[in-house]
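Coordinate analysis (summary)
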Amino acid sequence: MRRISRFVSWLLGLSVAAIALLALLPSLLGSLLVALLVFALFDLASRRYRSGVRTLNSSLRAVSDQQGAIEKVARAFAKTGPLRSRCYEYARRLIAGEDAIGAAVASGVPLQLSTAVALSAASTEESTEEGPREIGNRQVAEVNSPPTDPLRELAMMETVSMPAYGQFLYLGVTAMVTSLVMAFMATSIIPKMEQMFEEFGLTLPFQWVFEIGPAVWVLVLLGAVALVLVPILNRARQLGVRLPGWIPTTPKMAEKRAEVLLGLADGLDLGWPLGRTMALGHRIAQTRWERRALERAMRLVQQGIEPIESIHRIGWIDSTEAAWLAGANPTRAGELLRAFASQSVRDAHENIRWVMAWLFPIVVALLGFVVLLFAVAFFGSLAELIHGLS
């Protein structure tokens, strides 16, 4: 009930803000501000959710080897934040006696693989004798508190993508507004001009420019980018076929892969085989593509393929990285996986900046050319009308 009331209040607030902007600025500027407001609110909600997920996982890793602390963390996050309803259910299941990972899966709490490894290792050591438990807890503490937290570094890299995101948002809003203005002129203003030219026995010049086709094509291009290009770059696959390596993926996709690689590295630090860590990742996977990738990797391992080769075949590491990992001991393999994870995210941020460095001016120039052509045709038609009347 509380969740529905919050949704209704957000919807009412957004509606009031949109109506106020359109009433105060009943023009193209008002529509543009409303569109920017909607995009900003959705972006704020998305970033707030990802920040909550990172904070929750960091807290769970920090207290994974402390008796009863996980339940306290769940109750704390159940009071406020974007995960409060899931954490409330998580805390309720923990109180009922369910294990930490099973309760998280059932309640929909998004666990990172590193967090699941730490929780699983801690629960395993609790059932052993005191001597092995001290060793295991020391190992878990090493995993939870590395000299430099790779997951925190990945979170800090997200701020780098803001300029590229702002440029992409600007292009999308500009293209949408341009197409709407052209469509409005083609359907409302140009027919009246045609009627005036016919009354004076003149022919409207630049007829092909004033058709609604250009506006439709701008909208089609914008829809193709939003519905086709962005999902392809997010998944790095299309119709099950992996895209070439020279096509850049989005930082979001690279960060998801990096989280899995860091979890595999933590499992190696605990002496786990990669197959066990992948099975744990498959259990807690939140997205369908991640679950399918882990399932395929485990199937390859069951067929006798080396674990390193299996994660190479599903696209998480390239051939060069697989060659580096081949024959490495667990400690060295864990260090390499962490290095690969951080480097892949850095490369994704650099690639997206490189793409926007040439895409942004090209799209702006194309939109400017379309607007210039439309303006020349419009004022040229008015000049032709005045000349014909004179």
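Everything in this summary refers to the structure shown in the same document.

Here is what the cut-offs are and how they apply
Residues numbered from 1 in each chain as written. Predicted model: local features only at pLDDT ≥ 70, side-chain atom pairs only at ≥ 80, totals over all residues. Heavy atoms only, no water. Core = buried A, V, L, I, M, F, W, Y, C linked by side-chain atoms within 4.5 Å. Buried < 20%, exposed > 50% of the residue type's maximum accessible area, 1.4 Å probe, protein only. Helix = DSSP H or I, 4+ residues; strand = E, 2+ residues; numbered from the N terminus. Contact = heavy atoms within 4.5 Å. Salt bridge = Lys/Arg side-chain N within 4 Å of Asp/Glu carboxyl O.

**Concerning the nonpolar core**
- L56, Y90, L264, M278, W316 and L325 are the most contacted members of the largest nonpolar core, which has 57 residues in total.
- Looking at this core element by element, the count peaks at 8 residues for helix α11 (residues 251-269).
- What M278 contacts, discounting residues up to four positions off in sequence, is L264, L294, A297, M298, V301, S310 and I311.
- Core analysis: the next-biggest nonpolar cluster, separate from the first, contains 9 residues, I190, L204, F374 and L385 among them.

**Some words on helix α5 (residues 100-107)**
- Among the 8 residues in α5, 6 count as buried, and that is most of the element.
- All buried positions along α5 are accounted for by A100, I101, G102, A103, A104 and S107.
- Note on α5: the residue one or two positions beyond its end, G108, has a positive phi of about 80 degrees.

**Observations regarding the pattern of salt bridges**
- As enumerated under the stated definition, the model contains 12 salt bridges in all.
- Between R93 and E89 there is a salt bridge, with its nearest N and O atoms 3.0 Å apart. Of this pair, R93 and E89 both sit in helix α4 (residues 84-95), 4 residues apart, which is roughly one turn of that helix.
- Residue K256 pairs with E259 through a salt bridge whose shortest N-O separation is 4.0 Å. Of the two residues, K256 and E259 both sit in helix α11, 3 residues apart, roughly one turn of that helix.
- By relative accessible area, which is 25% here, K256 ends up partly exposed.
- Residues joined by salt bridges that share partners form a network here, namely E89, R92, R93 and E98.

By themselves, these figures tell us nothing about what the structure is for.
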